[in-house]
Amino acid sequence: MADILLVDDDRELCELLTDYLQREGFTVRIAHDGLDGLHTATRARPDLVVCDIMMPAMDGLELLRQLRQESSVPVLMLTAKRAEVDRIAGLELGADDYLPKPFSARELVARVRAILRRTCGEPTETDGPSDEITTIGDLTIDRARQRATRSGNQVELTATELDLLGWLLERAGETVDRRFLFQRVLGRDPSPDDRGVDMMVSRVRRKLGPHADGRLRILAVRSLGYVYVLP
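Just so we're clear, the structure is a prediction, and the values are computed from it rather than from any experiment. (Residues numbered from 1 in each chain as written. Predicted model: local features only at pLDDT ≥ 70, side-chain atom pairs only at ≥ 80, totals over all residues. Heavy atoms only, no water.)

A. Broad picture of the pattern of salt bridges. Under the defined criterion, the tally for this structure stands at 18 salt bridges. Taking the shortest distance from any N to any O, the salt bridge between Arg29 and Asp3 comes out at 2.8 Å. Of this pair, Arg29 sits in strand S2 (residues 27-31) while Asp3 sits in strand S1 (residues 3-7), and the two are 26 residues apart along the sequence. Of the residues examined, Arg29 reaches a relative accessible area of 36% and is grouped as partly exposed. According to the relative accessible area criterion, Asp3 is buried, its value standing at 12%. Through salt bridges that share partners, Asp97, Glu107, Arg111, Arg188 and Asp194 make up one connected network. (Salt bridge = Lys/Arg side-chain N within 4 Å of Asp/Glu carboxyl O. Helix = DSSP H or I, 4+ residues; strand = E, 2+ residues; numbered from the N terminus. Buried < 20%, exposed > 50% of the residue type's maximum accessible area, 1.4 Å probe, protein only.)

B. Region of the structure containing a negative patch on the surface. On the surface, a cluster of negative charge is made up of Asp9, Asp10, Glu12 and Glu15. Along the chain, the position of Asp9 falls in the loop between S1 and helix H1 (11-23). (Patch = residues over 30% accessible without salt bridge, like charges linked within 9 Å, V, L, I, M, F, W, Y side chains within 5 Å. Areas by Shrake-Rupley, 256 points an atom, 1.4 Å probe, with all protein chains shown as cover. Lys, Arg positive; Asp, Glu negative; His and termini not counted. Charge placed at Lys NZ, Arg CZ, Asp CG, Glu CD.)

C. View of the packing of helix H7 (residues 178-186) against helix H8 (residues 196-208). As a packed pair, H7 and H8 sit with axes 9 Å apart at the nearest point and diverge in direction by 85°. By the angle between their axes, H7 is roughly perpendicular relative to H8. Residue-level contacts link Arg178, Leu181, Phe182, Val185 and Leu186 of H7 to Gly196, Val197, Asp198 and Met200 of H8. Of the residues that constitute the contact of H7 with H8, the class distribution is six nonpolar, one polar and two charged. (Axes fitted to C-alpha atoms, helices over the stretch in contact; angles between N-to-C directions. Parallel < 35°, antiparallel > 145°, perpendicular 65-115°, else oblique. Contact = heavy atoms within 4.5 Å. Nonpolar A, V, L, I, M, F, W, Y, C, P; charged D, E, K, R; others polar.)

D. Local environment of the environment of Leu6. With respect to the element layout, Leu6 can be found in strand S1. The buried category is assigned to Leu6, whose relative accessible area is 1%. Leu6 sits 134 residues away from Thr140 along the chain, and the two C-alpha atoms are 34 Å apart. The residues touching Leu6, leaving out its near neighbours within four places in the chain, are Cys14, Leu17, Thr18, Val28, Arg29, Ile30, Ala31 and Val50.

As structure tokens, this is what we get:
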């Protein structure tokens, strides 16, 4: 049974979502401001954090920034429907996904399950690449241990980032379709303004750094997708 931390100052929404999540089999903790949410996430170590952006005491982006300094716990951000800047900022800071308000409880549960499948050992035959350990040049990922190393040094990636990198490494040297990455990593088809995968690729690229010869490891192929460049 997964432990969900819900951080939102809308008490009525929290009650509704808590009731729905519990009926779906989840354990739910609640915090009504960002500071309490950060303390609870650090102390209780939930399996996933669902966090609103606009909150008192500390907003969701600052909570995420501080949380990522010490934890890779999956985070699903709740954003205003038209707040593209907030969505991009959240993804850049390390959010695993975002969900624009208003949303249905069923959609929230679908997003939560999609993230947890990649972090709590509940894979299906289409959820991840086939090999548990993949090595390309100086980079190795171990899915069983949820680790990535570059030249023997660990690279701090979230579970979702590791899943994305796994698909790119399995098809290194080939273009991996952007829609395919959305479906396999985030569990949905992209909408026209959805940049979830694009921002995640940017984060992974930044964390990995370039190849020894200075070339970027991950290149965008316009209108198609992304390719992990062979060393």
